[in-house]
Amino acid sequence: MDAAYELFAAQGVHATPIEAIAEAAGFTRGAFYSNFESKTELFFALAEREWRARLDHLRATFDQLLPAGAVPRDRLDPETAAGLMAEIFDSLPDDRLWHLVHAEFALLAMRDPEVAPRFLASTAAVQGELAQLLDATLRSLGLRFVLDPADVTRLLVEQHDAALRDAILSGADDRTAVARATVMRSLPVLLSRLTEPLDG
């Protein structure tokens, strides 16, 4: 999967033959098929691995930022939201390769009607876990989202992805800093407006 990750990001899914993946990993084509039925199956396994790593990382980060016994708040003000988001951004790795691979994943699903339902289900499951994490974090502060947590999470993810895409396209040396600056212009205020006290 490590070999596929690099090749998919550099060349795209369709342009990467199974032989190239096997060779880069130091295995034979037969060894590939002893582990995966197809390149698509490998792609889903890779996506699951990468999403799982990111969700685990975010859980650990939130646990550090908001330890047990956090003091409830009347509201999530923009300054607090900005501080939390800055801490999270600082903890995240450079996701350029994953952004490229995930874009390939989305293109594959849009081109292949047999892949599309599984892609949508996978994306919904990941965003569902993230929504639960964000909702539980807010509730630990005595707050809740004014909208369905799933809808807020999708909005936040899409804003982050758009900022990262634009940063990659800009050719900036520090893509993370550029993406962070873009997100910080609007998301702290937006996040503040989308929260309210639990007893409100």
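Residues numbered from 1 in each chain as written. Predicted model: local features only at pLDDT ≥ 70, side-chain atom pairs only at ≥ 80, totals over all residues. Heavy atoms only, no water.

### Considerations on the overall build of the chain
Next up, step 1: Broken down by element type, the chain carries 10 helices and two strands.
Next up, step 2: For the chain, the N- to C-terminal ordering of α and β elements is α-α-α-α-α-α-α-β-α-α-α-β.
Next up, step 3: C-alpha atoms of the chain, sized along the principal axes, occupy 60 × 35 × 30 Å.
Next up, step 4: Out of the 200 residues in the chain, the part that is buried amounts to 38%.
Next up, step 5: Partitioning the contacts of the chain with sequence separation of at least 6, the portion at a separation of at least 24 is 72%.
Next up, step 6: When the accessible surface of the chain is split by element, carbon and sulfur atoms take 55% of a total near 11100 Å².
Next up, step 7: If the 19 positive side-chain charges of the chain are averaged to one point and the 31 negative ones to another, these points end up 3 Å apart. (Helix = DSSP H or I, 4+ residues; strand = E, 2+ residues; numbered from the N terminus. Buried < 20%, exposed > 50% of the residue type's maximum accessible area, 1.4 Å probe, protein only. Contact = heavy atoms within 4.5 Å. Areas by Shrake-Rupley, 256 points an atom, 1.4 Å probe, with all protein chains shown as cover. Lys, Arg positive; Asp, Glu negative; His and termini not counted. Charge placed at Lys NZ, Arg CZ, Asp CG, Glu CD.)

### Examining the pattern of salt bridges
Next up, step 1: Counted according to the given criterion, the structure contains 13 salt bridges.
Next up, step 2: In this structure, D135 and R139 form a salt bridge, with 3.1 Å as the shortest nitrogen-oxygen distance. Remark: R139 and D135 occur in helix 7 (residues 116–140); sequence separation between them is four residues, near one turn of the helix.
Next up, step 3: One continuous salt-bridge network, built from bridges that share partners, spans E48, R52, D56, R59 and E129. (Salt bridge = Lys/Arg side-chain N within 4 Å of Asp/Glu carboxyl O.)

### Here's the deal with the nonpolar core
Next up, step 1: Core analysis: the largest hydrophobic core is formed by 52 residues, its most contacted members being F8, F43, F62, V101 and L130.
Next up, step 2: Contact partners of V101, with chain neighbours within four places excluded, come to Y5, F8, A9, F43 and L46. (Core = buried A, V, L, I, M, F, W, Y, C linked by side-chain atoms within 4.5 Å.)

### Quick look at the layout of surface pockets
Next up, step 1: Estimated volume of the second largest pocket: approximately 190 Å³.
Next up, step 2: For the second largest pocket, the full set of lining residues is M1, A3, A4, I21, A22, A25, F27, A31, F32, N35, F36 and L42.
Next up, step 3: Looking at the lining of the second largest pocket residue by residue, the classes come out as 11 nonpolar, one polar and no charged. (1 Å grid on protein atoms, 1.4 Å probe; cavity = no way out; pocket = protein on both sides within 12 Å on 5 of 7 lines; lining within 4 Å. Points joined across faces, edges and corners; volume = space filled by probe spheres on them. Nonpolar A, V, L, I, M, F, W, Y, C, P; charged D, E, K, R; others polar.)

### Remarks on the packing of helix 1 (residues 2–11) against helix 2 (residues 18–25)
Next up, step 1: Where helix 1 contacts helix 2, the two axes come as close as 8 Å, and the packing angle between them is 130°. Between helix 1 and helix 2, the angle falls in the class oblique. Where helix 1 crosses over helix 2, the two elements pack in a sense that is right-handed. Contact with helix 1, carried on its side by A3, A4, L7 and F8, involves A20, I21, A24 and A25 of helix 2 and no other residues of that element.
Next up, step 2: Residue classes in the contact of helix 1 with helix 2 are distributed as eight nonpolar, no polar and no charged. (Axes fitted to C-alpha atoms, helices over the stretch in contact; angles between N-to-C directions. Parallel < 35°, antiparallel > 145°, perpendicular 65-115°, else oblique. Left-handed = near helix turned anticlockwise from the far one by under 90°.)

### Considerations on helix 8 (residues 149–170)
Next up, step 1: Across its 22 residues, helix 8 extends 31 Å between first and last C-alpha, which sits within 8% of the 32 Å expected from 1.5 Å per residue.
Next up, step 2: When helix 8 is considered as a whole, its buried residues turn out to be V152, T153, L156, V157, A163, L164, A167 and I168. The arc enclosing the buried residues of helix 8, seen along the axis, measures out at 140°, which places them on a common side. Across from the buried face of helix 8, at angles greater than 90 degrees, the exposed residues are D151 and L169.
Next up, step 3: G171 sits one or two positions beyond helix 8 and adopts a positive phi of about 75°. (Expected span 1.5 Å × (residues − 1). Arc of directions from axis to C-beta.)

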